[in-house]
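# Understanding the architecture of this molecule
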Amino acid sequence: MKRIFTLLTLLTFCLAPLAQGQDQKTVIAHMIKEAQGNSQLEEVAYELLDKNGPRLVGTPQMNSANDWAVAKYKSWGISAKNEQWGEWRGWERGITHVDLIEPRVKTLEAMSLAWSAATNGPVNAEVVMIPEVANKAAFEAWLPNVKGKFVMVDAAQPTGRPGYHWEKFGTEASIENMQKQQRDVASAWRKRLSNTGYNSRTIAQALEDAGALGILSSYWSRGFGANKIFSARSKKIPAIDIGLEDYGTLFRMVEHGDKPMIRVEVTSKELGQMPTYNTVATMQGGEKADEYVMLSAHFDSWDGGTGATDNGTGTLVMMEAMRLLKKFYPNPKRTIMVGHWGSEEQGLNGSSAFVQDNPKIVAGLQALFNQDNGTGRVVNISGQGFLHSYEFINRWLGAVPREYKSEIRTTFPGAPGGGGSDYASFVSAGAPGFSLSSLSWDYGSYTWHTNKDTYDKIVFDDVRSNAILTAIMVYMACEDPETFPRDKAELGINPRNGQPRAWPTPRNPNRKGGQ
């Protein structure tokens, strides 16, 4: 009997790894099948992006998105809550409508900048531009001319065709000529602005103080029809971005002395200080409940579009991965958390606040996986300067089927990220945070902070692949018998100053912003 018991014990010991491997393969296979056959990505994207809209910090739409995410997680059986980390200037966008009314009639492509003041109903006024002056004294003498007018503060682009279009169709001579025109125009405008005694950050307030009715700008993103929409620098008058083509029309009219007139209506609401939140969802761990694996994506956006690829797609990846994990790995070894961070766009504020406020979680972090830079499939993962990242990340990637990782280039040990996205908030605190960096899809030109960052730019096949990759990586990090060591690699010498490279230091979040 004793011999039989011994044999059974040995058999159990020998077969345990095989059973574990079979269980691992089963969980992964189930998650992939669910993601491919019953994906929730399109529906979740509609609810977040089309129905709720952009998520500028301090707006009602940001707070309604936080509430929506909590409700969505709870509908999947996942505990979730909104954690206040600060407050921000409350503001709500209304309409922007701009018409050219002289010397001809045309409705212009226009959008007020974030936190812009409103007009008091529709107003008609002439358009002028920053003049060429010799010095600040000459500009101050001219400045009273802006009273009751809209002022153009950017140069008109010499072409609305992106560089790749010139490379495809232009001759060598025409390409060189256009590149020279672009350099010359940019240089001349910088000199024109510098001669006023102001810069791009201070000129708006000078014009406002002199009685201008509003500021007109155009921040081309170097893609067809794409302009970047950031925040107003005026306080009491509207700041409006005009599309490249219409801005160029107005600019040339002013240059020719045709005194264009526009009719403008901008509406918005000031809402006082608004609470700001991170949305955090949790699947409680078992055996190693005090160790954590986190999914990470910033939840806020600029509001020129709907924040679809910055960072709606990162949000979709993390939400879908959590849904898959809850369904097929409901009792994780380590605690799984997801952070949907607020105010990343203003300096990683939400995630930095979380790191400050949750030292226990940061101390127990096994790994954090962050996705931010667009809709494309993941193609780069860096070890972020952690000495043993090679061993752990490769082990976790080893369980990922080839079709979801074949394009991924890994860099070990890599260098620690000091900014760029929310993983850096954790890395700077010495915790293992990793960026799942995406294929471009011309992200920088067409969707990053632009008026074209909308649902239709999402490549759902790539987002689905990223959700599968993330779910498997999180699962493997949870199940890993070893805890990720935090030894830091030697970072070498900074060639700029000849000094040793230093590990980034934690940011101090702005907890009362938009003042």
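Residues numbered from 1 in each chain as written. Predicted model: local features only at pLDDT ≥ 70, side-chain atom pairs only at ≥ 80, totals over all residues. Heavy atoms only, no water.

Helix and strand counts for the chain come out as 15 helices and 18 strands. Expressed as lengths along the three principal axes of its C-alpha atoms, the size of the chain is roughly 105 × 50 × 40 Å. Looking at the 515 residues of the chain, the share that counts as buried comes to 53%. Across the chain, every contact between residues at least 6 apart in sequence was considered, and the portion connecting residues at least 24 apart equals 84%. Of the roughly 23,000 Å² that the chain leaves accessible, carbon and sulfur atoms contribute 52%. Measuring between centres, the 55 positive side-chain charges of the chain sit 3 Å from its 55 negative side-chain charges. (Helix = DSSP H or I, 4+ residues; strand = E, 2+ residues; numbered from the N terminus. Buried < 20%, exposed > 50% of the residue type's maximum accessible area, 1.4 Å probe, protein only. Contact = heavy atoms within 4.5 Å. Areas by Shrake-Rupley, 256 points an atom, 1.4 Å probe, with all protein chains shown as cover. Lys, Arg positive; Asp, Glu negative; His and termini not counted. Charge placed at Lys NZ, Arg CZ, Asp CG, Glu CD.)

Right, let's get into helix 6 (residues 172-195). The end-to-end C-alpha distance of helix 6, which contains 24 residues, comes to 35 Å, matching closely the 34 Å that a straight helix rising 1.5 Å per residue would cover. What helix 6 keeps buried is the set Ile175, Met178, Trp189, Arg192, Leu193 and Asn195. Tucked into the core, helix 6 has its buried residues touching strand 4 (123-129), helix 4 (136-142), strand 5 (150-152), helix 5 (163-169), helix 7 (203-209) and helix 8 (244-255). Just downstream of helix 6 lies Gly197, where phi reads positive at about 90°. (Expected span 1.5 Å × (residues − 1).)

So, on to the sheet that holds strand 15 (residues 409-411). Think of a sheet as strands paired side by side through backbone hydrogen bonds, with each pair either parallel or antiparallel. The 3 strands lie next to each other as 15-14-17, forming an open sheet whose pairing is mixed. Of all strands in the sheet, those bounded by a partner on one side alone are strand 15 and strand 17 (437-438). Bridging between strand 14 (residues 378-382) and strand 17 involves 2 bridges; their strand directions are antiparallel. Across the sheet, residue Val378 finds its bridge partner in strand 17, namely Ser438. (Pairing = 2+ DSSP bridges.)

Here we take up the pairing of strand 4. In regular strands, side chains alternate between the two faces of the sheet. Of all 7 residues that make up strand 4, 5 are buried, and the element is covered over most of its length. Across 4 bridges, strand 4 lies against strand 10 (residues 261-283) in antiparallel orientation. Across the sheet, the residue bridging to Val123 is Val264, located in strand 10. Relative to strand 5, strand 4 is paired through 3 bridges, and the arrangement is parallel. Each bridged residue has a counterpart across the sheet, and for Met129 the counterpart in strand 5 is Met152. At this point the chain moves from strand 4, through helix 4, to the parallel strand 5, and the crossover so formed is right-handed. (Right-handed = clockwise from strand over helix to strand, strands pointing away.)

Turning our eyes to something else, we now look at the packing of aromatic side chains. As enumerated under the stated definition, the model contains 23 aromatic pairs in all. A centroid spacing of 5.8 Å and a plane angle of 55° characterise the contact between Trp189 and Phe251, whose relative ring orientation is tilted. Placement of the pair is Trp189 in helix 6 and Phe251 in helix 8, with a sequence separation of 62 residues. The residues Trp189 and Phe251 share a single accessibility class, namely buried. Through a chain of ring-to-ring contacts, the aromatic side chains of Phe369, Phe386, Phe392, Trp396, Phe434, Phe484 and Trp503 assemble into a single cluster. In this arrangement the basic side chain of Arg55 is found over the ring face of Phe299, its NZ or CZ atom lying 6.0 Å from the centre. One cation-aromatic arrangement involves Arg395 over Phe392; the distance from NZ or CZ to the ring centre is 4.6 Å. (Phe/Tyr/Trp six-rings, centres within 6.5 Å; stacked < 30°, edge-to-face > 60°. Lys NZ or Arg CZ within 6 Å of the ring centre and 35° of its normal.)

A few words now on empty space enclosed by the protein. Scanning the entire structure with this criterion turns up 3 cavities of 30 Å³ or more. Around the largest cavity, the lining residues are Ser301, Trp302, Asp303, Gly304, Gly305, Gly307, Asp310, Glu345, His449, Thr450 and Asp453. Its residues placed into classes, the lining of the largest cavity shows 1 nonpolar, 6 polar and 4 charged. There is about 40 Å³ of room inside the second largest cavity. (1 Å grid on protein atoms, 1.4 Å probe; cavity = no way out; pocket = protein on both sides within 12 Å on 5 of 7 lines; lining within 4 Å. Points joined across faces, edges and corners; volume = space filled by probe spheres on them. Nonpolar A, V, L, I, M, F, W, Y, C, P; charged D, E, K, R; others polar.)

Here helix 9 (residues 308-328) crosses helix 15 (residues 460-479) at 50°, and the two axes come no closer than 8 Å. Between helix 9 and helix 15, the interaxial angle falls into the category oblique. In the packing of helix 9 onto helix 15, the handedness of the crossing is right-handed. Mapping the contact onto sequence places Thr313, Leu316, Val317, Met318, Glu320, Ala321, Leu324 and Leu325 in helix 9 and Phe460, Val463, Asn466, Ala467, Thr470, Ala471, Val474 and Tyr475 in helix 15. Here the contact of helix 9 with helix 15 is built from residues that sort into 12 nonpolar, 3 polar and 1 charged. (Axes fitted to C-alpha atoms, helices over the stretch in contact; angles between N-to-C directions. Parallel < 35°, antiparallel > 145°, perpendicular 65-115°, else oblique. Left-handed = near helix turned anticlockwise from the far one by under 90°.)

What follows covers helix 8. Under the 1.5 Å per step criterion, the end-to-end length of helix 8 is 16 Å for 12 residues, consistent within 8% with the ideal 16 Å. Positive phi appears at Gly257, one or two residues downstream of helix 8, with a value of about 75°.

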